[in-house]
Amino acid sequence: MARTDLQHVTLIGCGLIGTSIALALNSAGVDVSLDDVDPEAVARARELGAGSVLLPDSPPADLVVIATAPHAVVDVLYEAQACGRGRAYTDVAPGKQRIWEEAQMRGCDLWGYLPGRPLVPRPADLPAGPRADRFAGRPWLLFPYPLVEPDALDAVDRLITLCGAQRTDMSLEAEPVA
């Protein structure tokens, strides 16, 4: 099967990690739509060149990246799937076992959802502000499971590659703390 060509990504959550992902994707030629509950966060990301504002009538993205706080991931995933925001979904928050269990209980479509998490140093140890090279050479944990749709796995693998990170597969139970 050929690699998925990411042409359009929707990124929900325009903080440090989310905006860095959007900058990396944008610099690789991917069209990125930005969304956040805070319009000022979207404005800051746009000013940095991370993408454009997600419009209500935007067509489904090849991949939706959820870069919110861990406690918000499941609600955002559920709402994005209910609106048909994308063909595949991932998130970048820690606490995968809890997120996975909550997503199951909430009734999220788990076939097209693939949990992931870039490993970056603590924010105090990072260069200030969002950067396109934030993930270059860094591990990006991926938690594939037997029934995940191959296209979703392919899309998230492509995301990791475009961000310059190194994919590391593991089970939900083996996720490192913090």
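Here, every reference points to the structure presented above.
Owing to the predicted nature of the structure, the values given are computational and were not obtained by experimental measurement.

(A) The overall build of the protein, seen in detail. When helices and strands are counted, the protein shows five helices and eight strands. The secondary structure elements of the protein, listed N-terminal to C-terminal, are β-α-β-α-β-β-α-β-α-β-β-α-β. Computed over its C-alpha atoms, the radius of gyration of the protein comes to 15 Å, within 12% of the 16 Å expected for a compact globule of 178 residues. Considered along the principal axes of its C-alpha atoms, the protein spans approximately 40 × 40 × 35 Å. Put simply, the protein has 178 residues, and 47% of those count as buried. For the protein, the proportion of contacts with a sequence separation of at least 24, taken over those separated by at least 6, is 69%.

(B) Region of the structure containing the sheet that holds strand S6 (residues 116–118). If you trace the three strands from one edge of the open sheet to the other, you get S6-S7-S8, paired in mixed fashion. For this open sheet the edge positions go to S6 and strand S8 (166–169), each flanked by a neighbour on one side alone. The sheet shows a mean angle of 25° between the axes of neighbouring strands, taken without regard to direction. Sheet topology places strand S7 (residues 139–142) next to S8; four bridges connect them, and they run parallel. Its bridge partner lying in S8, Pro139 is registered against Gln166. Each of S7 and S8 is contacted by helix H5 (residues 150–162), which is oriented at about 170° to S7, the strand it contacts most.

(C) Local environment of the sheet that holds strand S2 (residues 31–35). One open sheet accounts for five strands, arranged S3-S2-S1-S4-S5; its pairing is parallel. The strands lining the two open edges of the sheet, one partner per strand, are strand S3 (52–53) and strand S5 (89–91). Bridge analysis of strand S1 (residues 8–12) against strand S4 (residues 63–66) gives four bridges, and the strand direction is parallel. Bridging across to S4, Val9 finds its partner in Leu63. In the packing of helix H1 (residues 16–27) onto the sheet, contacts are made with S1, S2 and S4, and the angle to S1 comes to roughly 165°.

(D) Highlighting the environment of Asp35. Of note, Asp35 is situated in strand S2. It is 11 Å that separates the C-alpha atoms of Asp35 and Val64, two residues lying 29 residues apart in sequence. Apart from the residues within four sequence positions on either side, Asp35 is in contact with Leu11, Ile12, Gly13, Cys14, Val42 and Leu54.

(E) Spotlight on the pairing of S1. Where burial is concerned, most of S1 is hidden: five out of the five residues are buried. Both faces of S1 are covered, namely the face carrying His8, Thr10 and Ile12 and the face carrying Val9 and Leu11. Across five bridges, the pairing between S1 and S2 is parallel. Directly across from His8, in S2, lies its bridge partner Asp31. What joins S1 to S2 is H1, and the crossover it makes is right-handed.

Parameters at a glance
Residues numbered from 1 in each chain as written. Predicted model: local features only at pLDDT ≥ 70, side-chain atom pairs only at ≥ 80, totals over all residues. Heavy atoms only, no water. Helix = DSSP H or I, 4+ residues; strand = E, 2+ residues; numbered from the N terminus. Rg over C-alpha atoms; globule rule 2.2 N^0.38 Å. Buried < 20%, exposed > 50% of the residue type's maximum accessible area, 1.4 Å probe, protein only. Contact = heavy atoms within 4.5 Å. Pairing = 2+ DSSP bridges. Axes fitted to C-alpha atoms, helices over the stretch in contact; angles between N-to-C directions. Right-handed = clockwise from strand over helix to strand, strands pointing away.

It is worth stressing that arrangement in space is one thing and function is another; only the former is reported here.
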